[in-house]
Amino acid sequence: MKTTRRTFIKQMGYVSIGFSLLGPVCLGKEGTYPNANIMEPEDPDHINAWLRVLEDGRVLILTGKMELGQGIRIAVAQVAAEELNTRLDLVDVNLAETGVTANEGYTAGSRSIESSAMSIRHAAAAAREKILKMASQKWDRPSSELILEDGMISGGDQKMSLYELLEGKQIEEDIGEPAEIFGKTKRKIVGQPVPRKDIPAMVRGELEYVQDLKFPDMVHARIIRPKSYTSKLGSLEESGLQDFPGFLKLVRLGSFVGVIAEEEYQAIKLSWEVQDRATWEAGEELPADVPLKDYLRTLPEETETEEDKGDWKNAFEKAPVKHSAAYYKPYLMHAANGPSCAVAYYNDDKLQVWTHSQGVYPLRETLANLLEIPEDAIHVKGVPGSGCYGHNGADDVAAEAALLAVEFPGRHVRLQWMRDEEHLWEPYGTAMVMELQAGLSKEGKIVGWKYDFWSDGHSSRPNGEPRTFLPARFLDRGHGVPGPGFKGGAVRNSMPYYTIDNLQTTSHIFRGPLRRSALRALGAFANVFAIESFMDELADKAGKDPVDFRIEHLDDERAITCLRKIKRNTTEVNLGEREGIGYAFARYKNSASYFAVAAHVYVNDEEIVRVKKMWGVIDSGETINPDGLKNQTEGGMIQAASWALREEVQFDKDHVTSRDWHLYPIFRFQEIPEVDVEVIDRVEEDPLGAGEAAQGPSAAAVVNAVFSATGKRVRDLPVNPVEKYLR
Amino acid sequence: MKTQITLNVNGQQHEVNVDPQTPLLYVLRNNLGLTGPKFGCGLSQCGACMVLFDGKANPSCLMPVEQASKMEITTLEGLADENGNLHKVQQAFIDEQAAQCGYCLNGLVIASVALLDENPNPTEEQIQESLYRNICRCGVHARVVRAVKKASTT
């Protein structure tokens, strides 16, 4: 093992020269990864699982998380640089990669700062302490007289690089409990709006996305899609295909059909040709004739009381004022700008995959089961793709590329989905129905609360079961369709964060008609949209200001502070004709970031709602990078406003029909509100997950603003369905 | 079917041997190694693949390469000067940190360069209007508008 590790470190030292860490150039001319099948990541309790000292004096940070656009690379570099007292340009980051980085599961749930960055912080602080101890022993000087700075350690007239001090070895000791965390005490780099290092490469067109990878002799593939989720391939006339320019192979595995060609456009043209030749047996029909909102309530369901406190029913019945309302959220699309893509290479019984998956280890395990290849013969490297904040086609396309590569060994197979494939086949954020009832006392306090929500599971990420991959259902091996998925995603934020003595929440989990998986915030989007709309309705019934009404039902000072600030930040707003302002609040997962938001909308003569401006106040505890936090929050507000106003996946009896950007419109530049985000930095607190905090509250603020503008409640999303534009 | 075609890209002549119907985007990315322009939709709906054709920003995903051979093409890689100094729009995107995943950035930078060329002092509304063809999923729009505004004053 020692030899392997040293070889590995030497290779890492070699590969991290320049900005090539992400690139295939570092993998050798044949594009093969050295020792792919014998490498195992270090024990995550050890320092060297997270941090390597390179020969040229730089430090390589190993994170098991993926860059999704959230800026995790700069955040983990900041925490490491702070603890090691080093310049940021001396810190490189290796993103999730099997056999290299720790297995950190998925990059999901706003957990990357809470988990990966904090592991790295502790590992770097522990490394600093070990280094000082080593130098102290070597030079026989107290460590208080030693300075570690920019990869050099000095004391008196002695000075040497970290690499020299370690004699080329890595720090293998346990992380333990470091005595001091500079991020809390010194805070020179952490807490600063340090610019991201990848943006200069982006503006030059030099940042390598998985879509941009190129290997010698790489070939291109495309998939031929069935008519529906359940249709089977009928006939396919193959004769003469080999005469098409660039044709290399037609792959048929049951109803899974792909073509491989020398050039990309040749593969695309071939896929059109094969599509013309293929006939498909009709599959099961989708419920296109009934309003989806009603249909979902007719499905078999698993019902569970999630929370039962006091006697909601009795309190409700005695309440002088009663109110109830039902809300609906349609299927939403991840709709990444760039369709999903992967490269796979199979040779000598070994498989390599380059992917924008959010979980390289779960993907590897699931690939192993799908392909019946041992896990240790598979190497999966994370390379950033096009962002969307959720589980889109990334894993599916990786599985498809792998299936094709196994059928066509010896050359790298690149597969990118076309736009209609991404729109029609990705796993959507599930539709949900939400019903609320509450009673108010004569003082205007909530005395009884009942919440029922209907939802599909929210995550079908690869979990070892091949059926979580889209292509699995079309193979002859009978993998079937995915199971119920992650129910906890549906329950997220179904409990109000407010002080209510008597309440009950009940989940009703169904299996819906469309493919679905994790979309930013999961069930918290619809739950918070409903709860925060309802809070607004209750405030109106109670004759109270909607912000004051919320504050009267909160006992967490941090939550109250967010709401007071959002109120203060919007006192100067002047509302014109048919304009309104709406507010909302939630604490994500009831345990992560606090977020309060206001939206200023106007309603035009065609009854189309436009958002003029949004304000947000976010408290994520200790802030690692305030500009990164702002960027994420602004983006979350804009994305959520787009979901709420514009977006809805539509389908007919065969399949989804929202096949492009005209049929699934999302916000374009003219629709974008001005955004203003205030960050509350609490150095003494733990950092809290933030990336999904804005979603639910932002949607609720928009509909609450519509009420303020028009006196009408919007309870079904989207606010501006496509049909409105066709009138 | 393949034909020898001469392309003028980023001030240089390139000879490519391709099917003349191949959309320019694939030739730029796969034959010339210019991966700044991205594949987004192949339908001219999202702007990810924009390049400058004789100074005008347009998608390259449907334009047959033989048609493109008649024009001067500039890609994201061709915006910096010969010393590597960034175009003011590129610099402004860095200054404003106007990116998350950055996949749409190519089209946004290209469209903004063309806008400022035509209208050196656009209002925010004009910026929003001129970027109407570009899709961004991460929601960096507000930063992009700030960046273009900033570039217009430098």
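Provided above is the structure to which this section pertains.
This one's a predicted model, so the numbers in the text were calculated from it and none came from an experiment.

Engineer: Just to check I follow, could you spell out empty space enclosed by the protein for this structure?
Structural biologist: Over the atoms rolls a probe the size of a water molecule, and its path tells where empty space is left. All names here are of chain A. Under the definition given, this model contains nine cavities of 30 Å³ or more. If you trace the largest cavity, you find 17 residues lining it, with Leu68, His356, Gln358, Ser386 and Gly390 closest to the centre. Here the residues of the lining of the largest cavity sort into six nonpolar, eight polar and three charged. Each of domain 1 (2-194) and domain 2 (211-282 + 334-425) contributes no fewer than three residues to the lining of the largest cavity.

Engineer: Which parts of the structure should I look at to understand the sheet that holds strand 17 (residues 413-416) of chain A?
Structural biologist: Consider a sheet: its strands pair through backbone hydrogen bonds, and that pairing is either parallel or antiparallel. Residues and elements named next belong to chain A. Strand order in this open sheet of seven strands is 9-10-7-17-14-15-16, and the pairing throughout is mixed. The open sheet has two free edges, formed respectively by strand 9 (247-253) and strand 16 (378-382), since each of these has just one partner strand. Strand-to-strand twist across the sheet, computed as the mean angle between neighbouring axes with direction ignored, equals 20°. Looking at chain direction, strand 15 (residues 350-355) and strand 16 are connected through five bridges and run parallel. Paired with Gln352 across the two strands is His379, which belongs to strand 16. Lying on the sheet, helix 7 (residues 264-277) is in contact with strand 7 (219-224), strand 9, strand 10 (256-261) and strand 17; it crosses strand 7 at an angle near 25°. Most of the contacts of helix 11 (residues 394-407) go to strand 14 (residues 341-347), to which it runs at about 30°, and overall it touches strand 7, strand 9, strand 10, strand 14, strand 15 and strand 17.

Engineer: Is there a simple way to think about the side chain of A:Lys724 in this case?
Structural biologist: Residues and elements named next belong to chain A. Looking at the element boundaries, Lys724 is found in helix 19 (residues 722-726). Of the side chains bearing the opposite charge, Glu607 lies closest to the buried Lys724, which forms no salt bridge; the N-O distance is 6.0 Å. One polar contact links the side chain of Lys724 to the main-chain carbonyl oxygen of Val719, over a distance of 3.2 Å. Dropping the residues within four chain positions of it, Lys724 is found in contact with Glu607, Ile608 and Val719.

Engineer: Please clarify how the packing of aromatic side chains should be interpreted in this entry.
Structural biologist: Here a ring pair, both rings aromatic, is described through the centre-centre distance and the interplanar angle of the planes. All names here are of chain A. Following the criterion strictly, the structure yields 14 aromatic pairs over all chains and no others. The interplanar angle of 90° and the centroid separation of 6.3 Å between the aromatic rings of Tyr265 and Trp272 together place this pair among those described as edge-to-face. Residue Trp272 is classed as partly exposed on the basis of its relative accessible area, which comes to 48%. Here the guanidinium or amino end of Arg297 rests over the ring plane of Trp454, the centre of that ring lying 3.8 Å away. Sitting over the ring of Tyr106, Arg461 keeps its end group 5.3 Å from the ring centre.

Each value, and the rule that gives it
Residues numbered from 1 in each chain as written. Chains lettered and ligands numbered in written order. Predicted model: local features only at pLDDT ≥ 70, side-chain atom pairs only at ≥ 80, totals over all residues. Heavy atoms only, no water. 1 Å grid on protein atoms, 1.4 Å probe; cavity = no way out; pocket = protein on both sides within 12 Å on 5 of 7 lines; lining within 4 Å. Points joined across faces, edges and corners; volume = space filled by probe spheres on them. Nonpolar A, V, L, I, M, F, W, Y, C, P; charged D, E, K, R; others polar. Domains from an automatic or database assignment. Pairing = 2+ DSSP bridges. Helix = DSSP H or I, 4+ residues; strand = E, 2+ residues; numbered from the N terminus. Axes fitted to C-alpha atoms, helices over the stretch in contact; angles between N-to-C directions. Contact = heavy atoms within 4.5 Å. Buried < 20%, exposed > 50% of the residue type's maximum accessible area, 1.4 Å probe, protein only. Lys, Arg positive; Asp, Glu negative; His and termini not counted. Salt bridge = Lys/Arg side-chain N within 4 Å of Asp/Glu carboxyl O. Polar contact = N/O pair within 3.5 Å; in protein donor to acceptor, adjacent residues only side chain to side chain. Phe/Tyr/Trp six-rings, centres within 6.5 Å; stacked < 30°, edge-to-face > 60°. Lys NZ or Arg CZ within 6 Å of the ring centre and 35° of its normal.

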